[in-house]
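# Observations on chain architecture
Single-letter residue listing:
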Amino acid sequence: DRYRVERKLGEGGMGSVYLAMHEAIGKRVAIKCLNSEFAMHGQVVERFKREARAATAAGNEHIIDVTDMGELPSGSPFIVMELLDGIELGDLLDQKGPLPIGRSVRIVRQVCDALAAAHAKGIVHRDLKPENIFLVRRKANPDFVKVLDFGISKFTEPAAIGGGKNLTATGMTMGTPHYMSPEQAQGLAGLDHRTDIYALGVILFEMLAGQRPFDAETFPLLVVMIVTQDAPSVRALRPDVPFELDVILQRCLAKDAANRFADVSELEAELAPFEELDDAPELAPAVAARAAGRAE
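Read on for a plain summary of the structure. (Residues numbered from 1 in each chain as written. Predicted model: local features only at pLDDT ≥ 70, side-chain atom pairs only at ≥ 80, totals over all residues. Heavy atoms only, no water.)

### Section: the packing of aromatic side chains
A complete count under the given rule lists 0 aromatic pairs for this structure. For the cation-ring pair, R138 lies above F144, with the distance from its terminal atom to the ring centre recorded as 4.4 Å. Over the face of the ring belonging to F261 we find R251, whose NZ or CZ atom lies 4.2 Å from the ring centre. (Phe/Tyr/Trp six-rings, centres within 6.5 Å; stacked < 30°, edge-to-face > 60°. Lys NZ or Arg CZ within 6 Å of the ring centre and 35° of its normal.)

### Observations concerning the pattern of salt bridges
Taken as a whole, this structure holds 14 salt bridges when the rule is applied. The residue R4 makes a salt bridge to E23 at a minimum N-O spacing of 3.4 Å. Of this pair, R4 sits in strand β1 (residues 3–11) while E23 is found in the loop between β2 (15–22) and β3 (27–34), placing the two residues 19 residues apart along the sequence. Its relative accessible area of 39% is what places R4 among the partly exposed residues. Judged by its relative accessible area of 46%, E23 is partly exposed. Between R103 and D143 there is a salt bridge, with its nearest N and O atoms 2.7 Å apart. Of this pair, R103 sits in helix α3 (residues 101–120) while D143 sits in strand β9 (residues 141–147), and the two are 40 residues apart along the sequence. (Salt bridge = Lys/Arg side-chain N within 4 Å of Asp/Glu carboxyl O. Helix = DSSP H or I, 4+ residues; strand = E, 2+ residues; numbered from the N terminus. Buried < 20%, exposed > 50% of the residue type's maximum accessible area, 1.4 Å probe, protein only.)

### A look at helix α5 (residues 194–209)
Along its 16 residues, α5 runs 23 Å from first to last C-alpha, staying within 8% of the 22 Å computed at 1.5 Å per residue. Counting buried residues in α5 gives 15 out of 16 residues, a clear majority hidden from the surface. Phi turns positive one or two residues past the end of α5, at G210, with a value near 80°. (Expected span 1.5 Å × (residues − 1).)

### Side note on the packing of helix α7 (residues 243–252) against helix α8 (residues 264–271)
For the pair α7 and α8, the least separation of the axes is 10 Å and the interaxial angle reads 165°. As summarised for this structure, α7 and α8 are arranged roughly antiparallel, according to the angle between their axes. Crossing of α7 against α8: the hand is left-handed. Each of L245, I248, R251 and C252 in α7 lies in contact with α8, whose residues at this interface are E266, L267, E270 and L271. Broken down by class, the residue content of the contact of α7 with α8 amounts to 5 nonpolar, no polar and 3 charged. (Axes fitted to C-alpha atoms, helices over the stretch in contact; angles between N-to-C directions. Parallel < 35°, antiparallel > 145°, perpendicular 65-115°, else oblique. Left-handed = near helix turned anticlockwise from the far one by under 90°. Contact = heavy atoms within 4.5 Å. Nonpolar A, V, L, I, M, F, W, Y, C, P; charged D, E, K, R; others polar.)

### Topic: the sheet that holds β9
Across the sheet, which stays open at both edges, the 3 strands sit in the order β6-β8-β9 with antiparallel pairing between neighbours. At either end of the open sheet lies a strand with only one pairing partner, and these are β6 (86–88) and β9. Neighbour-to-neighbour, the strand axes of this sheet turn through a mean angle of 30°, independent of strand direction. As paired elements, β6 and strand β8 (residues 133–138) share 3 bridges and run antiparallel to each other. When the bridges of β8 are listed, I87 appears paired with L135. Across the sheet, α3 is in contact with β8 and β9; its angle to β9 comes to roughly 35°. (Pairing = 2+ DSSP bridges.)

### Comments concerning the sheet that holds β2
In sheet architecture, strand pairing relies on hydrogen bonds along the backbone and comes in two forms, parallel and antiparallel. On the basis of which strands lie adjacent, the open sheet formed by 5 strands has the order β1-β2-β3-β5-β4 and antiparallel pairing. Strands at the two margins of the open sheet, each flanked by one partner only, are β1 and β4 (66–71). Between one strand axis and the next, the sheet turns by 25° as a mean value, whatever way the strands run. Bridge count between β3 and strand β5 (residues 77–82): 5 bridges; the pairing is antiparallel. If you follow C33 over to β5, its bridge partner there is F78.

Shape is all these values report; function is a separate question.
What follows is the structure in structure tokens.
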């Protein structure tokens, strides 16, 4: 009764997002609805609602703001979010290919800020990827970050955010394959904030090199690579990346979580010196050829 739906903005495997108007205050919002066929699956519904709770609990300007939630007459839940006008990082990379070092670092540092707030509340995102990083213009910043989709986030401290069941178990693999940490790809229990640090490393690698550190034709082969192979040096694909930044990436992508950064705040601080490196990317020939093909 409060919202007038205007049109569909997008659709995924489990739900749809609509542009709507809040009738009482005349404000446009985005409404995410779970498809009715999933409304009878308790765990799916709980994960859907978890997105709203996680975003609200974290309370950070770089996390999409969720303002309301409820149920449709069919019983399907919906959540109401701020309407974002911008571009997904994934779409930007599809259009532009490798980005300048400084721009890449500035984006990742904002994601670190968002994750620091979430991790402080005991929330691990577990599905970081370029499609879940949205860029909007905010004052003088053309790449103001909004982190989306905490739907499969893990609450490591349920009591701190008002409850929440542990919906994952040993042997359950969740997330997007290319961005999974080795422990996540193996379906191990006890994932913590360092799995998000690994995913951030993959994202930064992709922003700089135009490709992910590991790729394979099948999921099992990809898991084997993630679990057993050391990540390649980004400098082999992007020679202008400073050696020190390559070391930071390698630490994010360490197989053993104990060898990664202790927290995202430490990573954010280590990245700061590279923010002003805004020269055009210097790419290896094969990478440059792919980038040229993308531009065409």
